[in-house]
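One-letter residues, chain by chain:
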2 protein chains.
Amino acid sequence: MSILLYFEFPSEGPFGQEAAAAYAALAADISVEDGLIWKVWTEHPETSTAGGVYLFEDAGSAARYVEKHTERLAGFGITDIVAKEFTVNEELSATTRAVLRR
Amino acid sequence: MSILLYFEFPSEGPFGQEAAAAYAALAADISVEDGLIWKVWTEHPETSTAGGVYLFEDAGSAARYVEKHTERLAGFGITDIVAKEFTVNEELSATTRAVLRR
């Protein structure tokens, strides 16, 4: 059963094109993360906030990623992290055109 | 520029298959919402929470939907709503296989 993972944390940037350049290698690494279906990278410079929304194939993959990414963000000096996991209602999500498979 | 919209609110259900049946018509209606690219329907019965993660084509469509959906949820008696909007980093999101177009 797929799991939606929501990450949010304080960030002073980089955002936009600068982030795309700074995190290109990280994104390539995340793209082959075990169990990842997709990730959307989120930014809100006005409130100095960034994050991501992920779809994982199963709860185990999501839980392993939360641990890994929390440690990685701590390495960037980011510790005030909100991480929330939700079950996905796949039938309703398919009706509203969400992509639920890799 | 696409916008990710995050909704979260208290819910005692229905969840899962019961929600899929109860909200089938609502999902069909949302699927043709102006500017909507996709919606993932989220549930967390353990904490009596539900919500959704949406990708919209632009900020105007997202803002109109926030107003419309907030009123709709109020009609269901749901008023304690968290709604957050983020800019999407499309380049990084494309690398991590997010679907950014309808």
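Conventions used here
- Residues numbered from 1 in each chain as written.
- Chains lettered and ligands numbered in written order.
- Predicted model: local features only at pLDDT ≥ 70, side-chain atom pairs only at ≥ 80, totals over all residues.
- Heavy atoms only, no water.
- Helix = DSSP H or I, 4+ residues; strand = E, 2+ residues; numbered from the N terminus.
- Rg over C-alpha atoms; globule rule 2.2 N^0.38 Å.
- Buried < 20%, exposed > 50% of the residue type's maximum accessible area, 1.4 Å probe, protein only.
- Contact = heavy atoms within 4.5 Å.
- Areas by Shrake-Rupley, 256 points an atom, 1.4 Å probe, with all protein chains shown as cover.
- Lys, Arg positive; Asp, Glu negative; His and termini not counted.
- Charge placed at Lys NZ, Arg CZ, Asp CG, Glu CD.
- Least-squares fit on C-alpha atoms with pLDDT ≥ 70 in both.
- Salt bridge = Lys/Arg side-chain N within 4 Å of Asp/Glu carboxyl O.
- Buried area = accessible area lost by both parts, 1.4 Å probe.
- Polar contact = N/O pair within 3.5 Å; in protein donor to acceptor, adjacent residues only side chain to side chain.

Identification of chain A as Mono-oxygenase ydhR from Ornithinimicrobium cerasi is taken from an unreviewed UniProt entry.

With that settled, the discussion passes to the overall build of chain A. A count of helices and strands for chain A gives four helices and four strands. When the elements of chain A are put in sequence order from the N terminus, they spell out β-α-α-β-β-α-β-α. On C-alpha atoms alone, chain A measures out to a radius of gyration of 14 Å, which is about the 13 Å that the 2.2 N^0.38 rule sets for 102 residues. For chain A, the C-alpha atoms occupy an extent of roughly 40 × 25 × 25 Å along the three principal directions. Burial status across chain A gives 49% buried among its 102 residues. Sequence separation of at least 24 residues holds for 68% of the intrachain contacts in chain A that already meet a minimum separation of 6. Summed over all atoms, the accessible surface of chain A reaches about 4,700 Å², with 53% contributed by carbon and sulfur. Considering chain A, the positive charge centre built from 8 side chains and the negative charge centre built from 16 side chains are found 6 Å apart.

Structural alignment of chain B on chain A gives an RMSD of 0.0 Å, achieved by rotating through 180° and translating 0.0 Å along the axis. When the rotation and shift are considered jointly, the pair of chain copies conforms to a two-fold rotation axis. Rotation axis and chain B: the residue whose C-alpha lies nearest the axis is valine 99 of chain B, separated from it by 3.6 Å. Interface overlap between copies: 100% of the residues of chain B at the interface are likewise at the interface in chain A, consistent with a symmetric, same-surface contact.

We now examine the pattern of salt bridges. Overall, the coordinates contain eight salt bridges over all chains when judged by the stated rule. Between aspartate 29 of chain A and arginine 72 of chain A there is a salt bridge whose closest N-O contact spans 3.6 Å. Residue aspartate 29 of chain A is located in helix H2 (residues 24-31), and its partner arginine 72 of chain A is located in helix H3 (residues 59-75); the two are separated by 43 residues in the primary sequence. On the accessibility criterion, aspartate 29 of chain A (37% relative accessible area) is partly exposed. Overall, the relative accessible area of 17% leaves arginine 72 of chain A in the buried class. Of the charged contacts, one joins glutamate 8 of chain B and lysine 84 of chain A as a salt bridge, the two residues approaching to 2.8 Å between their closest N and O atoms. With one member in each of two chains, glutamate 8 of chain B in strand E1 (residues 3-10) and lysine 84 of chain A in strand E4 (residues 82-88) form a pair that bridges those chains. When its relative accessible area of 29% is taken as the criterion, lysine 84 of chain A is described as partly exposed.

With that settled, the discussion passes to the interface of chain B and chain A. If you look at the interface, chain B gives 39 residues, while chain A gives 39 residues. Across the interface of chain B and chain A, roughly 3,400 Å² is buried in total on both sides, 61% from carbon and sulfur atoms. In terms of surface lost to chain A, no three residues of chain B exceed Leu92, Thr96 and Arg97 of chain B, which account for 20% of the buried area on that side. Our enumeration of links across chain B and chain A arrives at two salt bridges. Inspection of the region where chain B meets chain A yields 24 residue pairs in polar contact (both at pLDDT 80 or more). Contributions of two or more residues to the side of chain B that touches chain A are made by E1, helix H1 (16-22), helix H2 (24-31), strand E2 (36-44), strand E3 (49-56), strand E4 (82-88) and helix H4 (90-95) of chain B. With nine residues, E2 of chain B is the largest single contributor of residues to the side of chain B that touches chain A.

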